[in-house]
Amino acid sequence: MKGMREFFKEEDGMGTVEVILIIVVLIGLVIIFKSQMTNLVKSIFNKITTQANSI
């Protein structure tokens, strides 16, 4: 019985669960906004190449 109480009081795994949940949320956001992020990155790289050619 004492071992069960110690097991439920132990909080070592909480950090792992939180990190996994954050990763899942970030992956979900990437999937939802994939096209918008792709367009943004393409436009940034186009501006970089255009301005680099003008130098």
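All figures in this text were calculated on a predicted structure; none of them were measured in a lab.

**Description of the overall build of the protein chain**
Now for step 1: From N to C terminus, the protein chain includes three helices and zero strands.
Now for step 2: Helices and strands appear in the protein chain in the N-to-C order α-α-α.
Now for step 3: In the protein chain, which comprises 55 residues, the proportion classed as buried is 0%.

**Let's talk about a nonpolar patch on the surface**
Now for step 1: Nonpolar side chains collect at one region of the surface, where Ile 22, Val 25, Leu 26, Leu 29, Val 30, Ile 32, Phe 33 and Met 37 lie side by side and expose about 730 Å² of accessible area between them.
Now for step 2: A total of six residues in the nonpolar patch trace back to one element, the largest contributor, which is helix H2 (residues 14-32).
Now for step 3: By the secondary structure assignment, Ile 32 is in helix H2.

**A short note on the confidence of the model for the protein chain**
Now for step 1: Chain-level statistics for the protein chain give a pLDDT mean of 85 and a share of 87% at 70 or above.
Now for step 2: The spread of mean pLDDT over the elements of the protein chain runs between helix H1 (residues 2-9), the lowest at 72, and helix H3 (residues 34-54), the highest at 92.

Cut-offs applied
- Residues numbered from 1 in each chain as written.
- Predicted model: local features only at pLDDT ≥ 70, side-chain atom pairs only at ≥ 80, totals over all residues.
- Heavy atoms only, no water.
- Helix = DSSP H or I, 4+ residues; strand = E, 2+ residues; numbered from the N terminus.
- Buried < 20%, exposed > 50% of the residue type's maximum accessible area, 1.4 Å probe, protein only.
- Patch = residues over 30% accessible without salt bridge, like charges linked within 9 Å, V, L, I, M, F, W, Y side chains within 5 Å.
- Areas by Shrake-Rupley, 256 points an atom, 1.4 Å probe, with all protein chains shown as cover.
- Salt bridge = Lys/Arg side-chain N within 4 Å of Asp/Glu carboxyl O.
- pLDDT = per-residue confidence, 0-100.

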